[in-house]
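Spelled out, the chains give:
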Amino acid sequence: MAVALKITFETPQADHILTQLRAYKEREFDRNPPRGFIGASVAEEDGKVIFRSDWEDDDALENTRDSAPFEACLDLCDIYADDRSDEK
């Protein structure tokens, strides 16, 4: 069953987070998509940056969430975020 992960960052510094997420998406998803990856998007609305990724199943999502590049990207984004919420 397909799953989606939506990560929302609340921030007054959206440009920093957008830059990180777009670079991660290009490096990790667009160039060499992981197993089970369907698609991803990055958007900004009302002082929030939204990163959504879609996956074939829960296992594919969890494999990526546990990866060092994914964790490092989120850590860098968290520096500029006032708050973050993750929805699956």
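Scroll up to find the structure this text is about.
Basis of the calculations
- Residues numbered from 1 in each chain as written.
- Predicted model: local features only at pLDDT ≥ 70, side-chain atom pairs only at ≥ 80, totals over all residues.
- Heavy atoms only, no water.
- Pairing = 2+ DSSP bridges.
- Helix = DSSP H or I, 4+ residues; strand = E, 2+ residues; numbered from the N terminus.
- Axes fitted to C-alpha atoms, helices over the stretch in contact; angles between N-to-C directions.
- Contact = heavy atoms within 4.5 Å.
- Salt bridge = Lys/Arg side-chain N within 4 Å of Asp/Glu carboxyl O.
- Buried < 20%, exposed > 50% of the residue type's maximum accessible area, 1.4 Å probe, protein only.

> Any chance you could break down the sheet that holds strand S4 (residues 83–87) for me, citing the residues and the numbers?
To summarise the sheet geometry, strands pair through backbone hydrogen bonds and adopt either a parallel or an antiparallel arrangement. The strand order across the open sheet built from four strands is S2-S3-S1-S4, with neighbouring strands paired in antiparallel fashion. Edge positions in the sheet fall to strand S2 (37–45) and S4, since each has one partner strand and no second. Pairwise comparison of adjacent strand axes, ignoring direction, gives a mean angle of 10° for this sheet. Sheet topology places S2 next to strand S3 (residues 48–55); eight bridges connect them, and they run antiparallel. Counterpart to Glu 45 in the pairing with S3 is Lys 48. Across the sheet, helix H2 (residues 58–65) is in contact with strand S1 (3–10), S3 and S4; its angle to S1 comes to roughly 40°. Set on the sheet, helix H3 (residues 68–80) makes contact with S1, S3 and S4; between it and S1 the angle comes to about 25°.

> Which residues make up the pattern of salt bridges, and what are the values?
For side chains bearing opposite charge, pairing can occur when the charged atoms are close. The full count for this structure, using the stated rule, is nine salt bridges. Linking Glu 62 and Arg 65 is a salt bridge whose minimum nitrogen-to-oxygen distance equals 3.7 Å. Of the two residues, Glu 62 and Arg 65 are both situated in helix H2; the distance of three residues between them amounts to about one turn of the helix. Classification of Arg 65 by relative accessible area gives partly exposed; the value is 23%. Through salt bridges with shared partners, one network takes in Asp 58, Glu 62, Arg 65, Asp 78, Arg 84, Asp 86 and Lys 88.

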